Amino acid sequence: MSTSAAVLHQEYNRVLARRATDPFQRVLDVASEPSQPRRGVVGHPDTYDDEWIEALLMLRAHLECSFRAVVALAGFLVRKIGADRAIPSATQLSRRNQRLGQSGKGWRRRTGMCWIDTAAIRACQMRAAKTWVLMDATGIAMKGPGCWQREKPGAPTGLKKRRYAKLHLATEAATGQVLAAVISSSRVADSVGAQQLLSALAPLRGKIRTVAADGAYDADTVYAHLELLGVNQSLIRPVSSAKVRPEPVYRLRNQIVDLATRHRVIVPGSPAWRKHTGAGVRSLIETTMHQFKTRTGTGLRTRSATGQYADMVMRLTLFNEQQRDAISPTAEHAPSVTAMLTDVLLPLPKGKTYVPKKKPRVPRPPKKPQPHNPFGPFARIHAKRAAMAAA
């Protein structure tokens, strides 16, 4: 390993170690500032500033614990540094959490609510190179008994199935930051969530180089939004029976279909197709979703819709802050990898056919006839048949 690579990985390891202490440091920084809760009407609870509440909620998202545990831990930290900062009760913290999620009220009944990271989008606007955007969706456990409660021996019958919320993500390939996210019920299709994601990326019109997604986003509305954003290349895998269509909205889709029909390239989605188009970069969003669930948890602890939306916003904010602080080797090398990919699909030379290399098939040797065993399980039947043939 070279010296520069060793230094890079040492810095990366320090950043990974700092991730575990950043939420605690935020609580200590805010607690060290002298501030007292604002007294309201007699009989009403005290009102705490938003910065202090958000620091506590960020710590809760980091530890995946209850409101009571966060309040107890915050009180211990404040007493340890000798700060004069009042601690809200668990009930007050829960109510403020629901108040922060009022903007997402009713996300279960509608097609979902969108969250946008303005800092990440502003960084993409200021960057000279165009952005690679990746889209996918994942499930977040919402309520209901776990798998073990239903599958363990002696489990009671009639248990309700666990309900899931669906989190639609639009991430940047180079840094792994979440540009926009939509939280919705599990009944909302991926293509419907993609419409809100692409609408949220309107400030990046003309700055998006490629959009990569799986076959669930192969829909007319998705291609229409891509045309409005001025995307040059789409790496969305169409169905194997797709045909070239004359409508202008299918311009990006026809590029992929044309490779599979006129140039006789293997069906889109195959390793040869990913190698030729660079669609393998889509796997980076799988890594991002794994990191998000590993750091912030796979389920939602709050029961109310507004509280669940606020929890998800806090998790996304915490995750993006950690991504900005990290100097990941993947993030460092991703721009050089994506720079090798083309803006548009390269047409193949005329008169030539792109045929992937296949290993030669070795024919199996013929089976040797097995000798007759006179003492086998059917020896009596064979002896009887031989006697009848001799007679």
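The helix and strand inventory of the chain stands at 15 helices and six strands. Across the 391 residues of the chain, 42% fall into the buried class. Restricting the contact set of the chain to residue pairs at least 6 apart, pairs at least 24 apart contribute 69%. Total accessible area on the chain is roughly 22,300 Å²; 56% of this is exposed by carbon and sulfur atoms.

To continue, consider empty space enclosed by the protein. The method is simple in principle: a probe with the dimensions of a water molecule rolls over the atoms, and the space it marks as empty is what remains. This model, assessed by the stated rule, comprises two cavities of 30 Å³ or more. Looking at the largest cavity, its volume works out to about 90 Å³. Every residue along the wall of the largest cavity is listed here: L57, R60, A61, E64, C65, T296, R301, D311, M314 and R315. Those elements that place two or more of their residues in the lining of the largest cavity are α3 (50-63) and α13 (305-325). The residue inventory of the lining of the largest cavity, partitioned by class, reads four nonpolar, one polar and five charged. Lining the second largest cavity are M113, C114, W115, L167, A181, V182, I183, Y309, M312, V313 and L316. For the lining of the second largest cavity, the secondary-structure elements that each account for two or more residues are β1 (113-116), β4 (178-185) and α13. Sorting elements by how many residues they give to the lining of the second largest cavity places α13 first, with four residues. Here the lining of the second largest cavity is built from residues that sort into 11 nonpolar, no polar and no charged.

Okay, the environment of W132 next. With respect to the helices and strands, W132 occurs in strand β2 (residues 131-143). As a C-alpha pair, W132 and E172 span 40 residues in sequence and 5.9 Å in three-dimensional space.

Glancing now at the packing of helix α5 (residues 90-100) against α13. Across the interface, α5 lies against α13 with an axial gap of 7 Å and an inter-helix angle of 80 degrees. In terms of their interaxial angle, α5 and α13 are classed as roughly perpendicular. In this structure, α5 uses N97, Q98 and L100 to contact α13, whose residues at the interface are T306, G307, A310, D311 and M314. Considering only residue class, the contact of α5 with α13 consists of three nonpolar, four polar and one charged.

We now examine the nonpolar core. One finds V133, M135, L201, I208 and L226 to be the most contacted residues of the largest nonpolar core, which totals 28 residues. Counting only elements with at least two residues in this core, the list comes to α6 (118-126), β2, β4, α8 (190-200), β5 (208-213) and α9 (220-229). Not counting chain neighbours up to four residues away, the residues in contact with I208 comprise K130, T131, V133, L201, L229, G230, V231 and N232.

Here is what the cut-offs are and how they apply
Residues numbered from 1 in each chain as written. Predicted model: local features only at pLDDT ≥ 70, side-chain atom pairs only at ≥ 80, totals over all residues. Heavy atoms only, no water. Helix = DSSP H or I, 4+ residues; strand = E, 2+ residues; numbered from the N terminus. Buried < 20%, exposed > 50% of the residue type's maximum accessible area, 1.4 Å probe, protein only. Contact = heavy atoms within 4.5 Å. Areas by Shrake-Rupley, 256 points an atom, 1.4 Å probe, with all protein chains shown as cover. 1 Å grid on protein atoms, 1.4 Å probe; cavity = no way out; pocket = protein on both sides within 12 Å on 5 of 7 lines; lining within 4 Å. Points joined across faces, edges and corners; volume = space filled by probe spheres on them. Nonpolar A, V, L, I, M, F, W, Y, C, P; charged D, E, K, R; others polar. Axes fitted to C-alpha atoms, helices over the stretch in contact; angles between N-to-C directions. Parallel < 35°, antiparallel > 145°, perpendicular 65-115°, else oblique. Core = buried A, V, L, I, M, F, W, Y, C linked by side-chain atoms within 4.5 Å.

So, to be careful, I would describe these as geometric facts and stop short of saying anything about function.
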